[in-house]
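Secondary and tertiary structure notes
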Amino acid sequence: MFITRRVWHAERMEASRKPHPLMRLSRIIAGSILVVAGVVGLALPILPGWLFIIPGLSLLSSEFVWAARLRRRAADEWSKLRAPRSSEDDRAA
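Residues numbered from 1 in each chain as written. Predicted model: local features only at pLDDT ≥ 70, side-chain atom pairs only at ≥ 80, totals over all residues. Heavy atoms only, no water.

Side note on helix α2 (residues 21-43)
Between its terminal C-alpha atoms α2 stretches 34 Å, which fits the 33 Å expected from 23 residues at 1.5 Å a residue. Along α2, the residues classified as buried are I28, G31, V35, G38 and G41. Those residues of α2 hidden inside the fold are in contact with α3 (50-61). (Helix = DSSP H or I, 4+ residues; strand = E, 2+ residues; numbered from the N terminus. Expected span 1.5 Å × (residues − 1). Buried < 20%, exposed > 50% of the residue type's maximum accessible area, 1.4 Å probe, protein only. Contact = heavy atoms within 4.5 Å.)

This is the structure:
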């Protein structure tokens, strides 16, 4: 059976979009380890937890929707904290 070049190219592109199972597994394991280390770091005074949680969620967000939502929510909260204060703070100064 003759396969046209366009069909072959489309099949090839579809196959290249799917991540290799070993890459997917390594991302999940590394992200999970970072999140667990971050949660432990929140309880320990010598380890900054957020420093591990954010990269862990970034790795997991490529595989899981819940992690993407949580990462987006954390980024929104961070931007609220970093936003300039309102004029009430200016009057108090």
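That shown, we press on.
What about the pattern of salt bridges?
Across all of its chains, the model carries 3 salt bridges by this definition. Between K80 and E77 there is a salt bridge, and its shortest N-O distance comes to 3.7 Å. On the criterion of helical spacing, the pair formed by K80 and E77 is a turn pair, its members being 3 residues apart in helix α4 (residues 65-82). We classify E77 as partly exposed; its relative accessible area is 41%. Each member of the salt-bridge network shares a partner with another, and the members are R24, R27 and E63. (Salt bridge = Lys/Arg side-chain N within 4 Å of Asp/Glu carboxyl O.)

Topic: the environment of R71
Relative to the elements of secondary structure, R71 occurs in helix α4. Classification of R71 as partly exposed rests on a relative accessible area of 34%. For the pair R71 and I53, spaced 18 residues apart in sequence, the C-alpha to C-alpha distance is 9.2 Å. Setting aside its immediate chain neighbours within four residues, R71 contacts L57, S58 and S61.

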